[in-house]
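Tertiary structure, described
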Amino acid sequence: MPDPMRSPASRVLVRAPLAASIALACAGLPALALAHDDPTELPALQVTASPLAGDAETLARPVEVLQGQALDDARAATLGETVARLPGVQTSYFGPGVGRPILRGMDGPRVQVLASGLGSQDASTVSADHAASVEPFLADQIEVLKGPATLLFGSGPIGGAVNVVDGRIARELPGAPLSGRAELRGNTVNNERSGMFRLDGASGDNLVLHVDGLLRDTGDYDIPGQAHAAHDHDAEEEGHEAAPGRLGNSAMQTRAGGLGLTWLGDAGYLGVAASTYRSEYGIPPGAHVHAGDHGHGEEEHGDGDAHGQEDHAHDVRIDLRQDRLELKGGIYAPAAFLERIDFHGAWSDYEHVELEGGEVGTRFTSSGYDARVQAVQKELGGWRGAFGLQSGRVDFGAVGAEAFVPATLTRSHGLFVLQEKSAGPLKMEFGARHDRVELEPEGGKPRRSFGATSLSASAIWKLAPSLDLRLGVDRSERAPTQEELYAGGLHVATASLEVGDAGLDTESALRGEIGLHAHHERFDLELSVYRSRFDEFIHLADTGVSEHEVPVRLWTQADAVFTGAEAEAVLHLADNASGRWDLRLFADHVRGELDGSGTRTAAFEVPHGDHAHAYVVELDNRGPLPRIAPGRLGASLAWDLGGWRASLGAVRYRAQDRVAGNEEPSPGYTLVDAHLSYGWEQPHGGRWELFLDGGNLGDTEARPHTSLLREYAPLPGRAVAFGVRAWF
């Protein structure tokens, strides 16, 4: 069995921003790489999200893979937190139960969360308080595709995609008749008690059975100082006391598990899997503004109370459930010119219930399917490629006081083709895709349909055996989503009245990127700079209008630009009797802003029961976009010797003072972490590992600028996680 301590991802190589300190430290490294005739052979981190087999180093599109030891060290309760230490990647934060990835400053529907290559089909893009229904602790590996992933997955992921590979449908026979892994862990910051297991069994030469499960229970988590950075009086008026040292209503419970059965034959394969994900988590006090508190659907009566208004002093908790069925199969060499044909489909049933004092307040549902058929062609004239069809349907519903988006049926159909060719030192990749997206809302809203076309070209130019230049240009289009088109009412997560625009058009982006990869026996280096120019960028603009003491925000369009840089260097300091010593340095920076001039006129209506209030406002065409992730600098020193492994690192998050109108700046902060583990082999195979992980060791008050909750809920304070892992 492979040693998990020496897994292919023991060195995670990712792109990071061009901070001056790292640029100076690495300035001479490419020259050394050119002088080195025998480059270090890197482990191949296979990327399953692409229909063309390849690893993270041979694909021209920017992609990172977390696997093995690196994934074990990074695993967290949410997907966003798990991948947040990769350069160019941060996380949204709506309490400990919610965290979606933010890729190069983009989030929401522009970043697609995938479960083994298909959409997760939850409602996490509708609202910031909706969790993604994937469990990183059950993942075999996590793939982060930075830059547009529209060629592979449709018109939505114009900013990228994160693919969680769970292995429930096997890709190959296990190396033993029965194998698996398990983990038990606790954490001092929230009294966590978690356990997971995974088993893979082989029957004969072609049948694989998989089973996995997870239980997680945590209490309210500890924080440094006071929970509320501002608006303490709001919490007090709602009956909450902002007690120092702990964030109220931040406990969570998660249950997840799955079964899979795969038949692997000489002519093809067929697999089926069933899984469930259930999570209950709290919304921190002060963050949840009930619709009745502001009477957004009714006029106020003479006594000053809105219809249905009452004192909502109780906590709000989210009860989330998703059940999923998955089918995957393929035929090898079905025709003379084809290498294989694959089919992959998944059906999901999702429900998100907001519980207020134990009573159901609002219920969100989402059910539907995502399916694709793709064919991989045999090499022809030096060209390899794949082409296929994808179809999806999502039936979204919302019932309750805070149902600010009407029930909507969304259908999508896409056709795509990918081609690649190597010619001497140059490898070229090309792709094209066209999607048709149709939305049918209830409640008298207009139906809309959109066409979205994406084109891509990228290349790897090998300057030397250990040095290559990477180039990428693509044009992508994204159709607007249901909340952008049809929102109309109080949105709790943004504490605002949101108004959609049913007349929105597709947004398009033109991205250019240049990168450098260098690998040497003493170091590994990756650098990249990029720029994405958006036409008709869809965003939520503050109108300056306020109703019932909350701001009114409008979904609207304007030109925008995202510019950024990333860099990472792993310096192999020593590998001798004292152990192996690696120093990792990384940095990233992104700037997102509207890229026009002057102002534009916007007319909209705010619904009020059986009538509406009409407004005409002037919106800026220039200025920073809200909640853009701040720049970061990070460093960590890793050591391992025999069964021992340890690391100590810190990440500095810079202050974010380039903010949108009516948005407050955020101070910078530094987070320090450490890891220590000892592992040993079993005489009859398998391995055990004891681990001790420290997070935020400085007990720093950290309020991420990307979080809508930063005024109400800081990140957890000093945390010490401990536990045992086993592979067998």
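Before reading on, note that the structure itself is shown above.
This report concerns the structure included in the present document. (Residues numbered from 1 in each chain as written. Predicted model: local features only at pLDDT ≥ 70, side-chain atom pairs only at ≥ 80, totals over all residues. Heavy atoms only, no water.)

1. Digging into the pattern of salt bridges
Applying the stated criterion across every chain, the model contains 51 salt bridges. The shortest N-O distance in the salt bridge between Arg 185 and Glu 183 comes to 2.9 Å. One salt bridge connects Arg 533 with Asp 559, and the closest N-O pair in it is separated by 3.7 Å. Within this pair, whereas Arg 533 is found in strand β24 (residues 523-547), its partner Asp 559 is found in strand β25 (residues 550-576), the two being separated by 26 residues in sequence. (Salt bridge = Lys/Arg side-chain N within 4 Å of Asp/Glu carboxyl O. Helix = DSSP H or I, 4+ residues; strand = E, 2+ residues; numbered from the N terminus.)

2. Considerations on the packing of aromatic side chains
In total, this model carries eleven aromatic pairs according to the counting rule given. When the centroid spacing of 5.7 Å and the interplanar angle of 65° are considered together, the rings of Phe 534 and Phe 562 count as edge-to-face. Linking Phe 534 in strand β24 with Phe 562 in strand β25, this pair joins segments that are 28 residues apart in sequence. Accessibility assignment for this pair places Phe 534 and Phe 562 in one class, buried. Aromatic ring contacts, followed pair by pair, group Phe 534, Phe 537 and Phe 562 into a single cluster. (Phe/Tyr/Trp six-rings, centres within 6.5 Å; stacked < 30°, edge-to-face > 60°. Buried < 20%, exposed > 50% of the residue type's maximum accessible area, 1.4 Å probe, protein only.)

3. Overview of the pairing of strand β15 (residues 359-380)
Inspection of the sheet shows strand β14 (residues 338-356) paired to β15 by 18 bridges, in the antiparallel sense. From the neighbouring strand, Val 353 faces β15, where its bridge partner is Arg 363. Remark: two residues form the turn of the hairpin made by β14 and β15, two consecutive strands paired antiparallel; Gly 357 in that turn has positive phi of roughly 65°. Pairing of β15 with strand β16 (residues 383-400) involves 17 bridges; the strand directions are antiparallel. Paired with Gly 368 across the two strands is Val 394, which belongs to β16. With antiparallel pairing between neighbouring strands as the criterion, β15 and β16 make up a hairpin whose turn holds two residues, including Gly 381 at a positive phi of roughly 60°. (Pairing = 2+ DSSP bridges.)

4. With respect to unusual backbone geometry
In this model, Glu 549 sits at a positive phi of 70°, which is unusual for a non-glycine residue. For Glu 549, the location among the structural elements is in the loop between β24 and β25. Look at Glu 549 and you get exposed, because its relative accessible area is 74%. Positive phi, close to 55°, is recorded for Arg 627, a residue that is not glycine.

5. Section: the environment of Leu 554
Looking at where Leu 554 falls in the secondary structure, it is placed in strand β25. Sequence separation between Leu 554 and His 539 is 15 residues, and the spatial gap between their C-alpha atoms is 8.1 Å.

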